[in-house]
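Each chain, written out:
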Amino acid sequence: MIYDHRTYTCRPGTIGKHLKLYEAEGWQIQKKHLGDPAVYAATETGDVNSYVHIWQYESAADRAAKRANLKNDPEWQEYLKKSAEAGYLVSQVNKILVPTPFFSALNEK
């Protein structure tokens, strides 16, 4: 199992608009290809202009295949175009996480 941890930062005052656009135009398309995320949350304290989502995959190959299918979906491309035109996002940081051995063992029970 691997986790794709993504942090996005929006221009101040635009996170609500961005999340509304994503909910209306991107959420269902992304879920269709990637499944349900482990976490999708807005930051409550700290950088309140950011949000995080974490997707889990069986392997790097599973992630690559699912993300390729998402990338090739014309509806997703249309959403990305609308998002870019809106100009709400200013940065994105992605991390691939692997569970520690003791955490992996807990999830296998």
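Residues numbered from 1 in each chain as written. Predicted model: local features only at pLDDT ≥ 70, side-chain atom pairs only at ≥ 80, totals over all residues. Heavy atoms only, no water.

(A) Focus on helix α1 (residues 15-25). Along α1, the residues that are buried comprise Ile15, His18, Leu21 and Tyr22. One face of α1 carries all of its buried residues, which in axial projection span an arc of 130 degrees. Within α1, the exposed residues directed more than 90 degrees away from the buried face are Lys17, Lys20, Glu23 and Ala24. Packing partners of the buried residues in α1 comprise β1 (2-10), α2 (27-34), β2 (39-42), β3 (50-57), α4 (74-86) and β4 (89-97). (Buried < 20%, exposed > 50% of the residue type's maximum accessible area, 1.4 Å probe, protein only. Helix = DSSP H or I, 4+ residues; strand = E, 2+ residues; numbered from the N terminus. Arc of directions from axis to C-beta. Contact = heavy atoms within 4.5 Å.)

(B) Region of interest: the sheet that holds β4. Taken in spatial order, the four strands make up an open sheet running β2-β3-β1-β4, and their pairing is antiparallel. Among the strands making up the open sheet, the edge pair consists of β2 and β4. The sheet shows a mean angle of 10 degrees between the axes of neighbouring strands, taken without regard to direction. Relative to β4, β1 runs antiparallel, the two being bridged by eight bridges. Of the residues in β4, the one forming a bridge with Tyr8 is Gln92. (Pairing = 2+ DSSP bridges. Axes fitted to C-alpha atoms, helices over the stretch in contact; angles between N-to-C directions.)

(C) Highlighting α4. Spanning 13 residues, α4 covers 18 Å between terminal C-alpha atoms, matching the ideal 18 Å at 1.5 Å per step. Three or more residues of α4 are buried, namely Trp76, Tyr79 and Ser83. Seen along its axis, α4 keeps its buried residues to an arc of 60 degrees; they face one direction. Every exposed residue of α4 that faces more than 90 degrees away from the buried side is listed here: Pro74, Ala84 and Glu85. At its buried positions, α4 is contacted by α1, α2, α3 (60-71) and β4. At the N-terminal end of α4, a side-chain oxygen is found 2.8 Å from the backbone nitrogen of Glu75, two or three residues along, and the residue is Asp73. (Expected span 1.5 Å × (residues − 1). Polar contact = N/O pair within 3.5 Å; in protein donor to acceptor, adjacent residues only side chain to side chain.)

(D) Structural detail: the packing of aromatic side chains. Counted under the stated rule, the structure contains seven aromatic pairs. Ring plane angle 15 degrees and centroid distance 5.3 Å describe the contact between Tyr8 and Tyr51, whose orientation is recorded as stacked. Taken as a pair, Tyr8 in strand β1 and Tyr51 in strand β3 lie far apart in primary sequence, 43 residues in all. Of the two residues, Tyr8 and Tyr51, neither departs from the other in class, the shared state being buried. Measuring from centroid to centroid gives 5.3 Å for Tyr22 and Tyr40, while their planes differ by 15 degrees, and the two rings are stacked. Highlighted residues: Tyr22 in helix α1 and Tyr40 in strand β2, separated in sequence by 18 residues. We classify Tyr22 as buried; its relative accessible area is 4%. An aromatic cluster of three or more residues is present, and its members are Tyr8, Tyr22, Trp27, Tyr40, Tyr51, Trp76 and Tyr79. (Phe/Tyr/Trp six-rings, centres within 6.5 Å; stacked < 30°, edge-to-face > 60°.)

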